[in-house]
Amino acid sequence: MSGVPDAARDAYPNLKRQPAPTIREQPTPMRTMQGHTESVQASAFFKDGRRVVTGSMDGTLRIWDVQNGTLVGGPFEAHRDGVQAVAISPDATRIVSGGRDNTIIIWDVENLNNQMVIKSSLIQHRSWVLSVCFSPDGKRVASGSEDKTVVVWDTETGAVLETLKGHRNSVFSVAFSPDGLKLATGSADRTIRVWRSNSAEILLEIYAHQDLVRSVVWSADGQQLVSTSYDKTVKFWDSSTGYLPIGQPCIGHDAWVLSLAISSDGSFIATASDDTTVRLWNTKTHQHIAKALVHATGVNCVAISPNGELLVSGDVQGKVWLWSIKDVLERYPAEDHGSLGNHPLESNEASGSDDNHSLLDILAIDTAASDASITGDLDTAKELLTQKISTGDKCHDIYANRSLLRARHFEWDDALQDAAKSIAIQPSLLGYISKGIALCGKDQLCSAMEAFDLSSVFLNYDPIAIDLVLLIKAVALFNANCHDEAMRRLEDLSTAYQHLHTRSRSIVNIYLRALLALAAFEDGRYSEASDLLNDSIQSIADWFSRRTLFEPELKLFAVLFGWDLDALWQTVNQRRCDVFLRVDRVIEAAESHQYMMRMIDEDARNRCLKWSTGECWRF
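Let us look at the structure shown here. (Residues numbered from 1 in each chain as written. Predicted model: local features only at pLDDT ≥ 70, side-chain atom pairs only at ≥ 80, totals over all residues. Heavy atoms only, no water.)

1. What to know about the overall build of the protein chain
- Tallying secondary structure elements over the protein chain gives 17 helices and 27 strands in all.
- Across the 619 residues in the protein chain, those meeting the buried criterion constitute 55%.
- Across the protein chain, contacts joining residues at least 24 apart in sequence account for 51% of those joining residues at least 6 apart.
- By element, 48% of the accessible surface of the protein chain is carried by carbon and sulfur atoms, the whole surface being about 27,000 Å². (Helix = DSSP H or I, 4+ residues; strand = E, 2+ residues; numbered from the N terminus. Buried < 20%, exposed > 50% of the residue type's maximum accessible area, 1.4 Å probe, protein only. Contact = heavy atoms within 4.5 Å. Areas by Shrake-Rupley, 256 points an atom, 1.4 Å probe, with all protein chains shown as cover.)

Structure below.
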């Protein structure tokens with residue numbers, strides 16, 4: 001500080017002792033803008049970051065100057081009902097809007113005077129247009145509708161390029177990937193779908209949330225998807241696999257999360273909720289990075305400026321709010337990350353406690369055996385393993401995997417022989433498990449339990465592996481018709497390991513109880529069967545809403561025991577209809593049939609058609 005005058009240097013200590021400026025308890029907006037007469041449903045920044053377009057239930061679009069808070073364009077009136085969605089083309093020369101009049105309008109923007117003229121009005125949807133977006137090159141527009149379809153349009157000609165069908169309920173969100181090759185859609189059917197954008201080919205379906213999916217965006221690199229839902233959560237997904245949520249969900253909103261925006265650098269997201277707040281989250285930690293931006297009423301939409309410095313939100317009362325992100329982050333950092341727990345319906349492992357454990361890797365399941373269990377081509381997989389053995393590959397894991405495939409075909413002697421060869425070459429976890437399964441199939445239960453017990457030598461005190469082996473033992477006993485003993489072991493396991501891997505135990509418990517319900521039906525115990533089937537249908541329906549979450553366990557038990565969730569779901573629904581007919585509860589049978597047909601997709605409905613008109617309905 002040699003260049004600082006002595007007086008200033010002497011004053012500096014006194015300055016340090018001055019009280020710090022008072023920090024307001026809650027962030028306040030830079031300004032609010034009022035013009036819309038009804039709820040603001042959508043908002044988007046122009047690429048210059050100085051202007052925003054908003055769409056409202058009053059049927060208008062408006063352009064705002066965010067620097068001085070003035071209306072500089074509009075109101076633009078063309079929709080005959082509320083505007084649900086808006087998007088701006090990458091070059092900022094066009095705006096697309098979708099509304100409750102079932103119409104999409106592409107507007108040409110005169111940027112010098114902020115005027116818009118209608119280029120084309122696109123009519124294809126049979127119900128409200130809920131979402132719109134431009135492709136990265138601006139040559140296409142995608143729209144999602146309450147009619148359950150997604151339409152891809154040519155922005156120049158207005159021609160329909162593709163109509164994507166598959167969602168089972170309204171499509172609330174559409175988003176092109178950064179490279180424009182894929183299109184993500186979020187629906188009230190609780191799923192996210194990823195499509196090839198130049199065709200109707202579906203690449204991925206993610207059973208994402210426990211309630212409708214409201215908003216979906218891509219990360220800047222296209223590697224992840226982020227989604228919000230009426231279940232109050234925000235989740236991150238691998239856009240290639242959708243296998244499991246990445247990390248913990250963002251938990252903090254107290255009501256529906258209606259809108260989502262991601263910063264251009266992908267470092268943070270903003271979410272808007274009916275709980276009257278907008279919240280900012282770190283995309284790596286999934287934690288709050290600032291205090292909530294509190295509004296006077298529910299918030300429908302949120303957008304982040306291209307440079308990440310400003311945020312705009314629209315509320316139910318028609319007000320547009322402008323916030324300085326820099327000010328919010330500097331003056332109102334989040335107080336306590338540690339207070340954010342897991343969603344009550346997603347236990348410790350649901351938030352990723354087994355992220356570093358591939359269940360198939362734990363047991364050394366061969367890829368061929370795993371894939372065959374999904375495709376049902378067990379013979380081909382068995383032949384591939386046999387070829388490896390015949391060419392001199394005597395790896396113990398190959399024999400153990402072939403043992404599992406042979407057990408799936410009820411070839412118990414051959415399965416036991418392969419398991420014994422595996423153990424003779426090298427004792428292993430999978431070797432003893434395959435031996436235990438084979439011995440259960442031969443009703444040699446004492447020897448089977450001994451084999452399962454010996455497998456514990458290879459568990460290395462891994463609590464997840466221990467839990468899995470105990471569950472596998474219970475299922476093997478169940479398959480050997482020791483139903484009471486298997487269920488008792490499950491109950492004991494739940495008591496002994498109350499806080500560990502509850503997801504796996506939940507799956508096994510629900511699946512086996514569904515099988516007990518089917519057994520009661522086959523034995524003619526219809527009163528018992530009806531109660532058990534009702535419970536099973538409720539439990540499995542909850543699975544479907546969170547199917548991706550359970551995928552590792554479902555895949556593991558499909559490999560080991562041939563479990564098929566879709567087939568089980570269809571069967572328990574059919575048997576519930578059957579059992580009501582057999583006890584003359586015809587109205588309940590009809591209601592059950594309607595429920596089943598409403599819950600399954602079109603392909604499954606076609607498969608059920610023959611059954612629906614078949615023998616059972618003569619009772």
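2. Section: the sheet that holds strand 15 (residues 182–187)
- Ordered by their spatial adjacency, four strands build an open sheet running 14-15-16-17, and the pairing between neighbours is antiparallel. Every other strand in the sheet has two partners, leaving strand 14 (171–176) and strand 17 (202–207) as the edge strands with one partner each. The mean angle between the axes of side-by-side strands here comes to 15°, regardless of whether they run parallel or antiparallel. (Pairing = 2+ DSSP bridges. Axes fitted to C-alpha atoms, helices over the stretch in contact; angles between N-to-C directions.)

3. So, the nonpolar core
- Judged by nonpolar contacts, the single largest core of 66 residues is most densely connected at Ile437, Phe557 and Trp563.
- The element best represented in this core is helix 10 (residues 463–479), accounting for eleven residues.
- With sequence-adjacent residues up to four places away left out, tryptophan 563 is seen in contact with Val475, Ile507, Val508, Tyr511, Leu512, Phe557 and Ala558. (Core = buried A, V, L, I, M, F, W, Y, C linked by side-chain atoms within 4.5 Å.)

4. What to know about the side chain of asparagine 573
- Mapped onto the elements, asparagine 573 comes out in helix 15 (residues 565–582).
- With sequence-adjacent residues up to four places away left out, asparagine 573 is seen in contact with Ile537, Tyr595 and Met596.

5. A word on unusual backbone geometry
- The omega angle of the peptide bond from glycine 74 to proline 75 is 10°, so this bond is cis rather than trans.
- Following the sequence through the fold, proline 75 ends up in strand 5 (residues 70–77).
- We note that threonine 276 has phi near 80°; this positive angle belongs to a residue other than glycine.
- A residue is classified by how much of its surface remains accessible, and threonine 276, at 23% relative accessible area, is partly exposed.

6. A few points about helix 6 (residues 396–408)
- Over its 13 residues, helix 6 extends 19 Å from the first C-alpha to the last, a length consistent with the 18 Å expected when each residue adds 1.5 Å.
- For helix 6, a buried count of twelve out of 13 residues is recorded, marking the element as mostly surrounded by other parts of the structure.
- Considered for burial, the residues of helix 6 that qualify are His396, Ile398, Tyr399, Ala400, Asn401, Arg402, Ser403, Leu404, Leu405, Arg406, Ala407 and Arg408.
- Backbone geometry just after helix 6 places phenylalanine 410 at a positive phi near 60°. (Expected span 1.5 Å × (residues − 1).)

7. Details of the environment of aspartate 81
- Relative to the helices and strands, aspartate 81 is located in the loop between strand 5 and strand 6 (83–88).
- On the accessibility criterion, aspartate 81 (34% relative accessible area) is partly exposed.
- As for aspartate 81 and aspartate 101, which are separated by 20 residues in sequence, their C-alpha atoms are 5.3 Å apart.
- Excluding residues that lie within four positions of it along the chain, aspartate 81 makes contacts with Gly59, Arg100 and Asp101.

8. A short note on the sheet that holds strand 20 (residues 234–238)
- What the three strands build is an open sheet, ordered 18-19-20; its pairing is antiparallel. In this open sheet, the two edge strands, each paired with only one partner strand, are strand 18 (213–218) and strand 20. Recorded for the sheet is a direction-independent mean angle of 25° between the axes of neighbouring strands.
- The pairing of strand 18 with strand 19 (residues 224–229) spans five bridges and is classified as antiparallel. In the strand pairing of strand 19, valine 217 is matched with valine 226.

9. Re the pattern of salt bridges
- For the coordinates displayed, the defined rule picks out 24 salt bridges.
- For the salt bridge of aspartate 327 with arginine 331, the shortest nitrogen-to-oxygen distance reads 3.7 Å. Of this pair, aspartate 327 and arginine 331 both sit in helix 2 (residues 325–331), four residues apart, which is roughly one turn of that helix.
- Since its relative accessible area comes to 28%, arginine 331 is described here as partly exposed.
- Where lysine 442 meets aspartate 413, a salt bridge forms, and the shortest distance between an N and an O atom there is 2.5 Å. You can see lysine 442 sitting in the loop between helix 8 (429–441) and helix 9 (445–455) and its partner aspartate 413 sitting in helix 7 (residues 412–425), a full 29 residues away along the chain.
- A residue is classified by how much of its surface remains accessible, and lysine 442, at 26% relative accessible area, is partly exposed.
- Using a relative accessible area of 54% as the deciding quantity, one classes aspartate 413 as exposed.
- Salt bridges linked by common partners bring Arg94, Asp108, Lys119 and Glu156 together as one network. (Salt bridge = Lys/Arg side-chain N within 4 Å of Asp/Glu carboxyl O.)

10. Some points on the pairing of strand 22 (residues 268–273)
- Across the six residues of strand 22, six count as buried, placing the element largely inside the fold.
- A two-sided burial pattern is seen for strand 22, the buried positions comprising Phe268, Ala270 and Ala272 on one face and Ile269, Thr271 and Ser273 on the other.
- One ladder, built from five bridges, connects strand 21 (residues 257–262) with strand 22; its direction is antiparallel. Paired with alanine 261 across the bridge in strand 22 is alanine 270.
- Pairing analysis gives five bridges linking strand 22 to strand 23 (residues 277–282), with the strands arranged antiparallel.

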